[in-house]
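Analysis of the macromolecular model
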Amino acid sequence: MKIAPILLFLIWGGVLLGAGENTPLSGDWSRNLWDDDGLALISHGRRDCKKIALTIDDGWVPDEALLDFLEERGIRCTVFIPGKIIASRPDWIGRMDRMGFEICSHGYSHKLLPFLTEEEQEGEIGDTEREIRRLTGKAPKYLRPSGGRLDGPHPTLPVLRRLGYTAVLWENDVRGYSGAEPIENQLDWLWDHLQPGNIILSHFGESLHTRRVLEIWIPQVQALGYEFVTLSELAGDLER
Ligand SMILES: [Zn+2]
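Structure report, in brief. Going along each chain's sequence as written, the residues are numbered from 1 onward. Owing to the predicted nature of the model, reporting of local features is limited to residues with pLDDT of at least 70; listing and counting of side-chain atom pairs is limited to 80 or more, with chain, interface and lining totals taken over all residues.

Some details on the overall build of the protein chain
Labels follow the DSSP assignment, with helices taken as runs of H or I lasting at least four residues and strands as runs of E lasting at least two, numbered in each case from the N terminus. Regarding its fold elements, the protein chain presents nine helices and 10 strands. Burial is judged by counting the other C-beta atoms within 10 Å of a residue's own C-beta: 20 or more makes it buried, 12 or fewer makes it exposed, and any count in between marks it as partly exposed, with every C-beta position built from the backbone. Within the span of the protein chain, comprising 240 residues, buried residues form 42% of the whole. Counting only contacts in the protein chain whose residues sit at least 6 apart along the sequence, the fraction spanning at least 24 positions is 76%. It is the C-beta atoms, placed from the backbone, that decide contacts: two residues are in contact if theirs lie within 7 Å.

Overview of the environment of Gly107
Relative to the helices and strands, Gly107 resides in the loop between β5 (102–105) and α5 (118–136). Using a count of 25 C-beta atoms within 10 Å as the deciding quantity, one classes Gly107 as buried. Distance from Gly107 to Phe80, taken between C-alpha atoms, is 8.6 Å for residues 27 residues apart in sequence.

Quick notes on the packing of helix α7 (residues 183–192) against helix α8 (residues 210–223)
Between the N-to-C directions of two axes lies an angle of 0 to 180 degrees, each axis being a line fitted to C-alpha atoms and, for a helix, fitted only over the stretch in contact. Contact pair α7 / α8: the axes reach a minimum separation of 10 Å and the direction vectors enclose 50 degrees. The pairing of α7 with α8 is recorded here as oblique in orientation. Pair α7 / α8 crosses with right-handed handedness. Judged by residue contacts, Ile183, Gln186, Leu187 and Leu190 of α7 engage Arg212, Val213, Ile216 and Trp217 from α8. Angle categories are assigned with fixed cut-offs, so that under 35 degrees is roughly parallel, over 145 is roughly antiparallel, 65 to 115 is roughly perpendicular, and the rest are oblique. Left-handed is the label given to a crossing in which the near helix is rotated counterclockwise from the far helix by less than a right angle, and right-handed is the label when the rotation is clockwise.

Focus: the nonpolar core
Put simply, a nonpolar core is a cluster of buried Ala, Val, Leu, Ile, Met, Phe, Trp, Tyr and Cys residues tied together by C-beta atoms within 7 Å. By size, the foremost hydrophobic cluster in this structure holds 46 residues, and its most contacted members are Ala53, Val79, Ile103, Leu143, Ala167, Val168 and Ile200. With four residues, strand β3 (residues 51–57) is the largest single contributor of residues to this core.

A short note on unusual backbone geometry
Of note in the backbone geometry, Asp58 takes a positive phi value of approximately 75 degrees without being a glycine. For His110, which is not a glycine, the phi torsion comes out positive at approximately 70 degrees. Here His110 shows up in the loop between β5 and α5. Residue classification places His110 among the partly exposed positions, given that 19 C-beta atoms sit within 10 Å.

Comments concerning α8
Spacing of three or four residues puts side chains on the same side of an α-helix, whose turn is 3.6 residues. Helix span, expected: 1.5 Å multiplied by one less than the number of residues in the helix. An ideal rise of 1.5 Å per residue puts 20 Å on 14 residues; α8 measures up with 20 Å between its terminal C-alpha atoms. Its maximal kink placed at Trp217, α8 deviates by approximately 30 degrees, while the proline Pro219 follows within four residues. If you check which residues of α8 are buried, you get Thr210, Arg211, Val213, Leu214 and Val221. Where α8 is buried, its residues contact α2 (64–73), α7 and β9 (199–203). The quantity called bend is, for any residue, the angle between two axes fitted respectively to the seven residues ending at it and the seven beginning at it.

Section: the environment of Thr117
Mapped onto the secondary structure, Thr117 falls in the loop between β5 and α5. Its 11 C-beta neighbours within 10 Å are what place Thr117 among the exposed residues. The sequence separation of Thr117 and His154 amounts to 37 residues, and the corresponding C-alpha distance is 6.1 Å.

What about the environment of Leu39?
Tracing the backbone shows Leu39 in strand β2 (residues 38–42). Taking the C-beta count within 10 Å as the criterion, Leu39 has 17 such neighbours and is therefore assigned partly exposed. Along the sequence, Leu39 and Thr166 sit 127 residues apart, while their C-alpha atoms lie 6.2 Å from each other. Setting aside residues no more than four positions away along its own chain, Leu39 makes contact with Asn32, Trp34, Thr166, Ala235 and Leu238.

Have a look at this one:
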């Protein structure tokens, strides 16, 4: 089971972002959660077909080389970009939209959402949605919280559900958090945690070696019959 690594990521993510280290995480976010209105939280897709979703977060520096590589391989990804970056880089977002990427929400300012009031969280989510709609004409359905944090003084999941969003976490990742992780270790991690239905977390940024890892890994995993799909496609055939 993947519970331990996922919790480790979430704790690490919180520490890395410098907030909320002392707030215990609650809930088992490594499982998909459903409520009366549908899918409340997704961490993985179906296990019985070899579909996986590569997700890429942030984009503080536009990473055209990574997009060049993904375009070359015909890989469609799902990206979680803070609204303030979406607003300031319309050409970059437009390119991803034309490539068939799914453009999703990562809040507006990359603050840890559950440490904001519910009203502030709604502002972060609404402002980002407006930017995505303006650039792509589509309304986002998915949000990945900064640092993977949903719990805190003002839990984020109820806010998301009220606004019609599904929260997105992950169960495998490229581990490019600092650029210090050797590429070999990043590849080992990806292989160790690979299974059908993977949602894979990665980050934009040349210094994080995301492209160098994926250039090696993607052709190998495709050769095993894995197909890269968007998050909507991965979630579309999930059964409760
Ligand atoms: Zn982020």
